[in-house]
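Residues per chain are reported as follows:
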Amino acid sequence: MNNWKDIVEEKLEIFSDFIFENKFKVFIFIALITIALATQIKNITFDTSTEGFLKKDDSYRIAYDKFRDQFGREEKALIIIKTDNIFDVEFIKTLDKLHKELENNLPYLKEVNSLINARNTIGDEESLIVDDLFDKLPENQKIMNIKKNLAYNNPLLKDLLISDKGDITAIIIDSNTYSSEGIKPVSEEDEFSDEFSETETKNIKLKYLTSTENEAISRKAQEIVEKYTDDNFQTYVSGTIIITDKLKSSMQQDMQFFVKILIVSIALLLLVLFRRASAVALPMIAAALAIVSTISMMSVFNAPITIVTQILPSFLLSVTIGASVHFLSIFYKKYDLTKDKKASLRHTMGHSGLAIIMTSITTAIGLFSFSFSGVEPIANLGLFTSIGIMIGLVFSIVLLPALLSIFSIKTKDIKIKDDKAQEGLMDRVLLYISHISVYYPKTIITISAIIIITAIFIATNMRFSHNPMNWFKPDAKVKIATDLVDREFKGSSTIEIIIDTKKENGLYDPKILKAIENFSNDLLTIKSEKYYIGKTLSIIDILKETNKALHGNDEKHYSIPKDRNLIAQELFLFSNSGSDDMENFVDSKFSQARITAKTPSLDAIYYAKLQQEINEKIKIHFNNDIETYTTGVASMLSRVMSAAIYSSAFSYMMAYFAITIMMILLLGNIKMGLISMIPNTTPILFMVTVMVVFDMPLDLFTMLIGSIAIGLAVDDTVHFMHGFNKYYKEYKDVDIAVKKTLLSTGRAIMVTTIILSIGFLVFTGSSMLNLFNFGVLTAIAVIMALVADFFLMPAILKMIIKKDVK
């Protein structure tokens, strides 16, 4: 009685005949669907924002959106200028020109802040005047020194616009919060009102500033700054707006580079191995259509290309061509012998069709396990790559046979010689491997066990990391600029803390304001070897500055008034002074206050620890009547890392469990199914060992390798075991079955391993270190999967089957 595999293989042979007989209909049907999908590819978008790492219903994303709706966009562009003395007449004139050119030419601009328009608050007991520090440019150094004293006496400017040594200053660029795409201009009087930010936003469903608009700000700012750069006006650009754009541009350049190099490399490899034009063109067509269809699907479902999903085209190209190679290697061999295309396709589908389907499913399962991730780009990678793999499967076993049926395929003359004469280099290598694997099984298993145990021990030293700045190479300009900001201005990143009194005019309460002041001062005590709070900004700075100005600029009055009515009066005077700075720190009802805490660019692991310390201090300074929450880019990075660690652990378990079940079903034996997973675990453990030895962190990208490696490693095992079972069933001899399997299926496994390795090693040409690590490690895992299946799997089979025979 036939088992289910025999039945499936018979059905596949019948299906092959159907494709051959209806080749044009099949081709036209697939072409029409692909063309229909391809019309959507033009709508694909790119997203490298931090919030884009989180799903829209994630609590951290919701908190950040709530913050943006009220206080505006946290992301900024920072222009750092280094000179001998920032309070030099000529320098300030140049700074003024740059400031004004940025104001007049930057798109989607909210405001530009620098020393030129730094707040200078003066007054008496009855009036308050808030002017720009350089409302008029000084004509001589004497007047400049007066301005310098004013600047240094203003604690707000230190570590914000002025460095300790006075040789570095900053320009801070704030962009609009919302996109201007399809939105009517908003009047100035409505722009900052709660009614607009809360009610109108919900009704109109305003879109946040897009990636394209962010790119426009970044590119224009850099273009303008470049014109002013010289030896005495050294410029550096950083900030989230710039970093996000740099990530996006690197991603776009790398994607084009990866695909071009991969196509050329694989085409040459296929040409050398098969020596046929059809062996190059047909798999490339199948892979290209799979990529186009998958990216079009992403566009249809509004899934953007991200720093994570950018690996999708190269991955699909390698996997789809790998499946095609398994099909073509059997087809060409049979076709050269029989000269009968229909019979050759039928034989190929019956011989390798099931194995190709199973390997595609196992690889798809490995990737699909990521679709449950709390990190949006990882979830999208899992979902759409698994869809792409299945689309590639359809093209490999449906479109490819149809194309082979349609086009004329030349045959090669095969001269029957003795086995020794037919042996090529690859055959000789495979024969040697088969000899080693079945004649020294105990040695191979012992060495493998030592490697596995050692790798498990080493894996305990694995370190976690997620810091987008470390993705850039050390000499990247944006990394140098960010390090400079961290050094000279005590932080290039921020954590936003929102204090909600839950009642109108609640911020007039002196006790609450004092609690905010004490809390802000307490934040500055947070210091460790890895992180610290460098500066805080809040309504307290404005209030103390106003109180001091209204008391004849007496330093003794740089404090919070103790009377509620006086607080209300002073804040009213400031809001009517012509400055709109207060809107950055409180809502119009004076119920919510924003505290901005500056931190250096950190690894997300340390952001989590910093967040914990901040939360502990919140509990100390605010009672339960006050509602608080933290948000911002730093806070979201912390969330991204925790979500990635949790979801990756779940993904690994899910992928391993599902693939184990698949192996048991395929092999029809629980014992053999479980044993077959040993060689599939070895590559991952070896890869982890390499990571620890070379101090490569387990980050957002290297976390992906586990499930990807399991899926790809199992592909080799499926093909090997599928071939082995066929030959063992025929010869009832392990040695012969291993030899026959390696000389047939083994050739295709070796070719696909080379293709996949090239596919991942292409990432070593990336301008970003995270992709470099990903490429190297995944290639190592793929190569080790081959080694495990060629040596360890036969050794295990030799020991197990020998024992069963006895």
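Residues numbered from 1 in each chain as written. Predicted model: local features only at pLDDT ≥ 70, side-chain atom pairs only at ≥ 80, totals over all residues. Heavy atoms only, no water.

## Details of the overall build of the protein
Here is step 1: Counting secondary structure elements, the protein contains 27 helices and ten strands.
Here is step 2: With respect to the three principal axes, the spread of C-alpha positions in the protein is 105 × 50 × 50 Å.
Here is step 3: Across the 806 residues of the protein, 58% fall into the buried class.
Here is step 4: By element, 58% of the accessible surface of the protein is carried by carbon and sulfur atoms, the whole surface being about 35100 Å².
Here is step 5: In the protein, which carries 85 positive and 92 negative side-chain charges, the distance between the mean positions of the two groups comes to 11 Å. (Helix = DSSP H or I, 4+ residues; strand = E, 2+ residues; numbered from the N terminus. Buried < 20%, exposed > 50% of the residue type's maximum accessible area, 1.4 Å probe, protein only. Areas by Shrake-Rupley, 256 points an atom, 1.4 Å probe, with all protein chains shown as cover. Lys, Arg positive; Asp, Glu negative; His and termini not counted. Charge placed at Lys NZ, Arg CZ, Asp CG, Glu CD.)

## Concerning the packing of aromatic side chains
The geometry of an aromatic ring pair comes down to the distance between the two centres and the angle between the two planes.
Here is step 1: This structure, assessed with the given rule, holds 21 aromatic pairs.
Here is step 2: When the centroid spacing of 5.3 Å and the interplanar angle of 15° are considered together, the rings of Phe-331 and Tyr-335 count as stacked. Pair noted here: Phe-331 and Tyr-335 are both in helix α11 (residues 312-338), with a separation of four residues, about one helical turn.
Here is step 3: Owing to a relative accessible area of 0%, Phe-331 belongs among the buried residues under this scheme.
Here is step 4: When the centroid spacing of 6.4 Å and the interplanar angle of 40° are considered together, the rings of Phe-760 and Phe-763 count as tilted. Of the two residues examined, Phe-760 and Phe-763, each falls in the buried class. (Phe/Tyr/Trp six-rings, centres within 6.5 Å; stacked < 30°, edge-to-face > 60°.)

## Observations concerning the sheet that holds strand β2 (residues 109-113)
Here is step 1: Read across the open sheet, the four strands follow the order β2-β5-β1-β6; overall the sheet is antiparallel. At either margin of the open sheet sits one strand with a lone partner, and together these are β2 and β6 (234-238). Geometrically, the sheet is characterised by an average inter-axis angle of 15° between neighbouring strands, direction not taken into account.
Here is step 2: Two strands pair when backbone bridges link them, and β2 and strand β5 (residues 168-175) are joined in this way by four bridges, in the antiparallel orientation. When the sheet's bridge partners are listed, Leu-109 is paired in β5 with Ser-175. (Pairing = 2+ DSSP bridges. Axes fitted to C-alpha atoms, helices over the stretch in contact; angles between N-to-C directions.)

## Re the side chain of Ser-175
Here is step 1: Position of Ser-175 among the secondary structure elements: in strand β5.
Here is step 2: A distance of 2.7 Å separates a polar atom in the side chain of Ser-175 from a polar atom in the side chain of Arg-73.
Here is step 3: Once you skip the residues sitting within four places of it in the chain, Ser-175 turns out to touch Arg-73, Tyr-108, Leu-109, Lys-110, Leu-209, Ile-217 and Ile-241. (Polar contact = N/O pair within 3.5 Å; in protein donor to acceptor, adjacent residues only side chain to side chain. Contact = heavy atoms within 4.5 Å.)

## Let's talk about the sheet that holds strand β7 (residues 493-500)
By definition, the strands of a sheet pair up through backbone hydrogen bonds, in either a parallel or an antiparallel sense.
Here is step 1: Taking strand neighbours across the sheet as the criterion, the four strands line up as β8-β9-β7-β10 in an open arrangement whose pairing is antiparallel. Edge positions in the open sheet fall to β8 (535-537) and β10 (627-631), since each of these has one partner strand only. Strand after strand, the sheet turns through a mean of 20° between neighbouring axes, direction not considered.
Here is step 2: In the packing of helix α3 (residues 59-71) onto the sheet, contacts are made with β7, β9 (592-599) and β10, and the angle to β10 comes to roughly 100°.

## A few points about the confidence of the model for the protein
Here is step 1: Mean pLDDT over the protein stands at 87; residues scoring 70 or higher make up 95%.
Here is step 2: In the predicted structure, residues 191-202 sits below a pLDDT of 50 and forms 22 contacts with residues beyond four places in sequence or in another chain.
Here is step 3: Long-range and interchain partners of residues 416-422, a stretch whose pLDDT sits below 50, account for two contacts in this model, where long-range means more than four residues apart. (pLDDT = per-residue confidence, 0-100.)

## Focus on the nonpolar core
Here is step 1: In this structure, Leu-115, Ile-497, Ile-539, Ile-614 and Phe-760 are the most contacted members of the largest nonpolar core, which totals 245 residues.
Here is step 2: Element by element, the count of residues in this core is highest for helix α27 (residues 769-805), at 15 residues.
Here is step 3: Among residues more than four places away in sequence, those in contact with Ile-614 are Ile-495, Ile-497, Phe-519, Leu-523, Ile-526, Ile-533 and Thr-630. (Core = buried A, V, L, I, M, F, W, Y, C linked by side-chain atoms within 4.5 Å.)

## Digging into helix α12 (residues 341-368)
Here is step 1: Along α12, the sharpest change in direction is near 50° and occurs at Ser-352.
Here is step 2: Counting buried positions along α12 yields 22 of 28 residues, so the element is predominantly enclosed.
Here is step 3: For α12, the N-terminal capping position is held by Asp-340, with its side-chain oxygen 3.2 Å away from the main-chain nitrogen of Lys-342. (Bend = angle between axes of the 7 residues up to and from the residue.)

## Considerations on the packing of helix α16 (residues 441-459) against helix α24 (residues 677-693)
Pairs of packed helices are described in terms of their axes, by the angle between the two and the distance that separates them.
Here is step 1: Interaxial distance between α16 and α24 falls to 9 Å at its minimum, and their mutual angle equals 45°. Overall, the two elements α16 and α24 adopt an arrangement that is oblique. In the crossing of α16 with α24, the sense of the turn from one axis to the other is left-handed. In contact with Ile-451, Ile-452, Ala-455, Ile-456, Ile-458 and Ala-459 of α16, α24 contributes Ile-678, Thr-682, Leu-685, Phe-686, Val-688, Thr-689 and Val-692.
Here is step 2: Across the contact of α16 with α24, the residue classes break down as eleven nonpolar, two polar and no charged. (Parallel < 35°, antiparallel > 145°, perpendicular 65-115°, else oblique. Left-handed = near helix turned anticlockwise from the far one by under 90°. Nonpolar A, V, L, I, M, F, W, Y, C, P; charged D, E, K, R; others polar.)

## A closer look at unusual backbone geometry
Most peptide bonds are trans, and most residues other than glycine sit at a negative phi.
Here is step 1: Non-glycine residue Lys-339 carries a positive phi angle of around 60°.
Here is step 2: By the secondary structure assignment, Lys-339 is in the loop between α11 and α12.
Here is step 3: Phi is positive for Asn-553, which is not a glycine, with a value near 60°.
Here is step 4: Mapping Asn-553 onto the fold places it in the loop between α19 (539-549) and α20 (564-575).

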